[in-house]
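Okay, here's what each chain looks like letter by letter:
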Amino acid sequence: MRAGIDLWRNGTRRMVVAVGIALSFFAVVTSVIATLLWGSVLATVLLGRDAMREAERWRGRTVEPRQIETLAASGATTMSLAVPDGAERLVLIFVSTQTAPSAEALVLLGELMPLYPSCRFLVCDPLADAVAVRIFAMLGGVDAPALGDSTVLPPPLDAVAAFPTIVVIDRAGRIESALIGARTRAELDKIFSGAAALQPPEH
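Computed from a predicted model, the values in this text were never measured in an experiment. (Residues numbered from 1 in each chain as written. Predicted model: local features only at pLDDT ≥ 70, side-chain atom pairs only at ≥ 80, totals over all residues. Heavy atoms only, no water.)

Some remarks on helix 5 (residues 185-193)
Inference 1: Within helix 5 the residues assigned to the buried category are L188, I191 and F192. One side of helix 5 carries all its buried residues, which in axial view fall inside an arc of 100 degrees.
Inference 2: Of the surrounding elements, those touching the buried residues of helix 5 are strand 3 (89-94), helix 3 (100-112), strand 4 (119-124), strand 6 (165-170) and strand 7 (175-180).
Inference 3: After helix 5 finishes, the residue G194 shows a positive phi value of roughly 95 degrees. (Buried < 20%, exposed > 50% of the residue type's maximum accessible area, 1.4 Å probe, protein only. Helix = DSSP H or I, 4+ residues; strand = E, 2+ residues; numbered from the N terminus. Arc of directions from axis to C-beta. Contact = heavy atoms within 4.5 Å.)

Some words on the packing of aromatic side chains
Inference 1: On inspection of all chains with the given rule, the structure shows two aromatic pairs.
Inference 2: Ring plane angle 70 degrees and centroid distance 5.7 Å describe the contact between Y116 and F192, whose orientation is recorded as edge-to-face. Remark: F192 occurs in helix 5 and Y116 occurs in the loop between helix 3 and strand 4; sequence separation between them is 76 residues.
Inference 3: Assessed through its relative accessible area of 1%, F192 is described here as buried. (Phe/Tyr/Trp six-rings, centres within 6.5 Å; stacked < 30°, edge-to-face > 60°.)

Quick notes on the pattern of salt bridges
Inference 1: Scanning the model with the defined rule gives six salt bridges in all.
Inference 2: E64 is the partner of R66 in a salt bridge, and the nearest nitrogen-oxygen pair spans 3.1 Å.
Inference 3: Between R183 and E187 there is a salt bridge whose closest N-O contact spans 2.9 Å.
Inference 4: With relative accessibility at 26%, the residue R183 sits in the partly exposed group. (Salt bridge = Lys/Arg side-chain N within 4 Å of Asp/Glu carboxyl O.)

Some words on the side chain of T165
Inference 1: Tracing the chain through its elements places T165 in strand 6.
Inference 2: In this structure T165 comes out as buried when scored by relative accessible area, which is 1%.
Inference 3: Within the local environment of T165, its side chain forms a polar contact with the backbone oxygen of A162, the two atoms lying 2.5 Å apart.
Inference 4: Apart from the residues within four sequence positions on either side, T165 is in contact with L92, I93, F94, V160, L179 and I180. (Polar contact = N/O pair within 3.5 Å; in protein donor to acceptor, adjacent residues only side chain to side chain.)

Section: the nonpolar core
Inference 1: In this structure, V123 and F192 are the most contacted members of the largest nonpolar core, which totals 27 residues.
Inference 2: Tallying contributions element by element places helix 3 first for this core, with five residues.
Inference 3: The residues contacting V123, other than those within four sequence positions of it, are I93, V95, L106, V133, A137, V142, A144, P145, A146 and L147.
Inference 4: Membership of the second largest hydrophobic core comes to 19 residues, among which are V63, V83, L122 and I175. (Core = buried A, V, L, I, M, F, W, Y, C linked by side-chain atoms within 4.5 Å.)

The values reported here are purely geometric and, on their own, carry no functional implication.
As structure tokens, then:
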């Protein structure tokens, strides 16, 4: 491109020079855009892998059963962040009300929930109001209590930063599974059915 500009300045006003400059300019712009896009994709992949590795380390950690505020069909209520009586697992699905992957994850969850009455489900968006989270969940076919940005969750649940993320807690208060990103029906069947259950705690 530099050579073409120099020729143009020196009075060589031929069409081939103009075309060469235009094509060179287009190639430079395209390469810059491609570099930026690749950098963005690479950063997303690396951050996603870091988040997945971190979530995998949660398995076996005990979650403090503190009181939390939820919004359900009956209105606002307070419950313990623990597996309630009559259930085997507490399933938290962390979503972003602004993203399509979260909406798709809720649709699949809505299809599976009736098959697992032994699980209790909570939908949480730590960056949105509980009312917005509840509406978002209902639009996806998930009739479950919602948690919003006013709910303070105990570690490591307060560190969820990738959406969707599904966390399964057992009756002992331990994290059985933590899955990040869109998942298949088979993967969700496995964690909801207890196939990924931990060994009973030693006494």
